[in-house]
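# Observations on the model geometry
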Amino acid sequence: MAMVVKNNMSAINTLNTMTKNNSALGKSIQKLSSGMKINGAADDVSGYAISEKMRVQIRSLDQANQNSQNGTSLMKVAEGAVSSTVEILKTLKEKVINSANDTNTTSDRKMIQDELDQAIDQINDNASVTFNNKLLVDGSMNKESTATTNVFVNESLSTGTAGASTLVTLKDRNGNDLDIKSTDKVTVSFVQNGKTVTTQFSITSTTTLNNIFANANTAATAAGMPAGPFATAGANGKSEIGLNGQGVSQYSADGSSVMTIAAAGSGITNGISGFSISITGADNNVKKSINNYLDAWSEGIRAEDKSGNNALNLQIGTKSNQSINAGISDMRATALGLQGSDALTGTAKNINVTTKDNANVAINVIDNAIQKALNEQTKLGAIQSRLSYTSDNLTTASENVQAAESTIRDVDMAKEMTNFTKNNILMQASQSMLAQANQSTQGVLSLLQ
C-alpha cells in the first residue's frame with residue numbers, strides 16, 4: 001500500500017463509520033428520552049400518519065365521553081326537579097282525598113286549599129331549575145310539536161262501546177252488563193283552565209255517552225266558559241287513540257278497541273285537566289261497582305302548545321350527526337293541569353277543592369298530573385341510562401385505540417436500550433480507530449529526515 005499524506009483513506013473511512021454510529025446513537029438517545037420509536041414523519045412515514053390519525057380519534061372519543069357525562073349531569077338535574085314535583089303531587093293527592101271527605105268543614109277545606117296553592121307555587125319553582133343558566137323543565141327544551149288535543153281513554157268498557165251507546169246497555173271488558181238503570185242519575189265534573197264545573201241529570205233509556213259530555217258542555221257554557229270543552233266521543237272498533245305532537249298515531253297498549261273522548265280544542269288552555277263521571281241510584285247511593293268502569297279514564301295524549309324544535313342535542317360521537325336528541329316536556333303547573341288563568345284578568349287560577357264535588361274531581365286531576373310527571377321522570381331516567389352505556393362504550397373505544405396507537409408509536413425500552421449500548425460501544429470504538437488512522441501517516445515523517 002502506497003504511503004500518502006494528502007488522502008488518508010483509513011481515516012476517512014473510519015470517520016464515515018463514526019458519523020453513522022453517531023447518528024444511530026443519537027436516534028437511540030432520542031427514542032429512549034421520548035419513549036417513542038416514531039418521533040417524526042421521517043422515522044416512519046406511514047406509521048406516523050396512522051399514529052396521528054389515532055391520536056385525533058382518541059382525543060375525539062375522550063371529548064365525546066365528556067359530552068355524555070355532562071349530558072348525564074344535566075339530565076340528573078332535570079330529573080331531580082321532576083322527582084320533587086312527583087313528591088309534591090303525592091302530598092296533594094292526600095290533601096284532595098281529605099278535602100273530599102265531608103268530615104271537613106268549609107274552614108277546613110279553605111286551609112287545605114291554602115296548602116294546595118303553596119304546593120302548586122312550589123311546582124312552578126321546580127320548573128325554574130337551571131343547568132349552566134339553561135332552563136330545563138319549563139317547556140323551553142321541548143321537541144318540535146304541533147298544538148295537541150288531549151285524549152282520554154277508557155279500557156274498562158267493552159270493545160263495542162261507542163259514543164252513541166246508551167248507558168243502560170253498557171258492558172264491561174268481559175261482556176258483563178254494568179246494570180245502569182233508567183232511574184239512575186249521572187253526575188259529571190271536569191276541570192279546564194283551573195275552573196271546575198259540575199252538573200247532574202237523570203238517565204233515560206235513550207241516554208248515551210255522548211249525552212253525558214253534551215250536558216257537560218252545556219254546563220260549561222252556563223258557567224261562562226267560552227266553549228264546550230268536550231268533543232264527540234270516539235267510535236268503536238278502533239285501537240287508535242289519536243295523534244301526538246309529532247303527528248305519530250298513538251294506539252291502545254294491547255291493540256284492542258278502546259273508548260276515547262277528546263277535548264274540543266287544542267293546546268294547554270283548551271285541554272281538560274281531568275273529569276269524573278258518577279252514577280247514583282234512586283236512593284242517592286253512589287254505585288261504586290258501576291263507577292269503577294264508567295269513571296276509569298286515563299290520559300292517552302296530553303295537551304301541549306305548539307313548539308319549535310328546542311330539544312337538546314347531545315353530541316356523543318366522533319362524527320357529525322352522532323348525537324342524541326332529547327326533548328324535555330313542560331312541567332309547570334299549567335301544563336300539568338293544576339293551574340289556569342282568568343280570561344279577564346289573566347291572573348293564575350289553581351284547581352279548587354273547597355267543596356266536596358270540586359275535591360272529588362280534583363282526585364282525577366292529580367292522578368293525571370302524577371302520570372304526566374312520572375312519564376317525564378322515567379323518560380329522563382332512560383336517557384341517563386343510555387348515556388351511561390354510551391360513556392362506557394366510549395371509554396372502551398378510547399382504551400382500545402390508545403393500545404393500538406401505543407403498538408405503532410411507543411418504543412420497546414429493553415430492545416432500544418440494547419441498541420443504545422451497541423451504538424455507544426461502536427461510537428467509542430470508531431473514535432479510537434479514527435485516532436489510530438490519523439497516526440498511521442506519521443511514518444512518512446521518517447522518510448523526510
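Details of the structure are given in the entry above.
Here we summarise the structure given alongside this text. All values derive from a computational prediction rather than experimental measurement. (Residues numbered from 1 in each chain as written. Predicted model: local features only at pLDDT ≥ 70, side-chain atom pairs only at ≥ 80, totals over all residues. Heavy atoms only, no water.)

Within the protein chain, the secondary structure is distributed over eight helices and 14 strands. Scaling as 2.2 N^0.38, a compact globule of 449 residues should have a C-alpha radius of gyration of about 22 Å, whereas the protein chain reaches 40 Å, well beyond that. Each of the three principal axes of the protein chain carries a C-alpha extent, and together these read 150 × 45 × 35 Å. Out of the 449 residues in the protein chain, the part that is buried amounts to 42%. Relative to all contacts within the protein chain whose residues are 6 or more apart in sequence, the contacts with residues 24 or more apart total 74%. Carbon together with sulfur atoms contributes 49% to the accessible area of the protein chain, which is approximately 22900 Å² in total. For the protein chain, the distance from the average site of its 36 positive side-chain charges to the average site of its 39 negative ones is 9 Å. (Helix = DSSP H or I, 4+ residues; strand = E, 2+ residues; numbered from the N terminus. Rg over C-alpha atoms; globule rule 2.2 N^0.38 Å. Buried < 20%, exposed > 50% of the residue type's maximum accessible area, 1.4 Å probe, protein only. Contact = heavy atoms within 4.5 Å. Areas by Shrake-Rupley, 256 points an atom, 1.4 Å probe, with all protein chains shown as cover. Lys, Arg positive; Asp, Glu negative; His and termini not counted. Charge placed at Lys NZ, Arg CZ, Asp CG, Glu CD.)

Take unusual backbone geometry next. Most peptide bonds take the trans form, and the phi angle of most residues other than glycine is negative. The backbone of N133 sits at a positive phi, close to 65 degrees, despite the residue not being glycine. A residue is classified by how much of its surface remains accessible, and N133, at 74% relative accessible area, is exposed. Its identity is not glycine, yet D179 carries a phi of approximately 65 degrees, on the positive side. Looking at where D179 falls in the secondary structure, it is placed in the loop between β3 (151-154) and β4 (185-192). Classification of D179 as partly exposed rests on a relative accessible area of 43%.

Counting residues in each nonpolar core, the largest one holds 44 residues, and the members touching the most others are M75, L92, V137, L338 and I351. Of all the elements in the fold, those that place two or more residues in this core are α2 (45-99), α3 (106-126), β11 (312-315), β12 (323-326) and α6 (356-409). Sequence-distant contacts of M75, that is, excluding residues within four places in its chain, are made with L312, L314, A326, L380, I383, Q384 and L387. If you look at the next biggest cluster of nonpolar residues, it comprises 31 residues, including L157, I180, A220 and I279. (Core = buried A, V, L, I, M, F, W, Y, C linked by side-chain atoms within 4.5 Å.)

Glancing now at the sheet that holds β3. Strands belonging to one sheet form pairs held by backbone hydrogen bonds; the direction of such a pair is parallel or antiparallel. Sheet architecture is open: three strands sit in the order β8-β3-β10, paired in antiparallel fashion. Unpaired on one side and paired on the other, β8 (259-262) and β10 (297-301) mark the two borders of the sheet. When the angles between neighbouring strand axes are averaged without regard to direction, this sheet yields 35 degrees. For β3 and β8, the ladder comprises four bridges, and the chain directions are antiparallel. From the neighbouring strand, V153 faces β8, where its bridge partner is T260. (Pairing = 2+ DSSP bridges. Axes fitted to C-alpha atoms, helices over the stretch in contact; angles between N-to-C directions.)

Attention now moves to the packing of aromatic side chains. All chains considered together, the criterion is met by seven aromatic pairs. Members of the aromatic cluster, joined through ring pairs, are F152, F190, F213, F230, F275 and W297. (Phe/Tyr/Trp six-rings, centres within 6.5 Å; stacked < 30°, edge-to-face > 60°.)

Put simply, side chains in a regular strand alternate between the two faces of the sheet. Residues L312 and L314 point to one face of β11 and are all buried, whereas N313 and Q315, pointing to the other face, are not buried. In this sheet, β12 lies alongside β11 in antiparallel orientation, the contact comprising four bridges. Within β12, the position partnered with L312 by the bridge is A326.

Counted under the stated rule, the structure contains 14 salt bridges. With a shortest N-O distance of 2.9 Å, K90 and E87 are connected by a salt bridge. Separated by three residues within a single helix, K90 and E87 lie in helix α2, roughly one turn from each other. Owing to a relative accessible area of 43%, K90 belongs among the partly exposed residues under this scheme. One salt-bridge network, held together by shared partners, links E52, R55, E405 and R409. (Salt bridge = Lys/Arg side-chain N within 4 Å of Asp/Glu carboxyl O.)

Across the interface, α2 lies against α6 with an axial gap of 7 Å and an inter-helix angle of 165 degrees. If you check the angle between α2 and α6, you find them roughly antiparallel. Seen along the crossing, α2 lies across α6 with a hand that is left-handed. Classifying every residue of the contact of α2 with α6 gives 30 nonpolar, 17 polar and ten charged. (Parallel < 35°, antiparallel > 145°, perpendicular 65-115°, else oblique. Left-handed = near helix turned anticlockwise from the far one by under 90°. Nonpolar A, V, L, I, M, F, W, Y, C, P; charged D, E, K, R; others polar.)

Take S256: it is sitting in the loop between β7 (249-251) and β8. For S256, a relative accessible area of 18% corresponds to the buried category. Note: C-alpha distance between S256 and N39 (217 residues apart in sequence) is 69 Å. Every residue in contact with S256, bar those within four places of it in the chain, is listed here: R173, K238 and S239. In this structure the side chain of S256 is engaged in a polar contact, spanning 2.6 Å, whose partner is the side chain of D254. (Polar contact = N/O pair within 3.5 Å; in protein donor to acceptor, adjacent residues only side chain to side chain.)

Looking now at the pairing of β4. The element β4 is largely enclosed, with a buried count of seven among its eight residues. As defined by bridge partners, β4 adjoins strand β5 (residues 195-202) across eight bridges and the pair is classed as antiparallel. In the sheet register, S189 faces β5, and the bridge partner there is T198. What sits between the antiparallel neighbours β4 and β5 is a turn of two residues, in which N193 has the positive phi angle 55 degrees. With eight bridges joining them, β4 and strand β9 (residues 272-280) adopt antiparallel strand pairing. Directly across from K185, in β9, lies its bridge partner T280.

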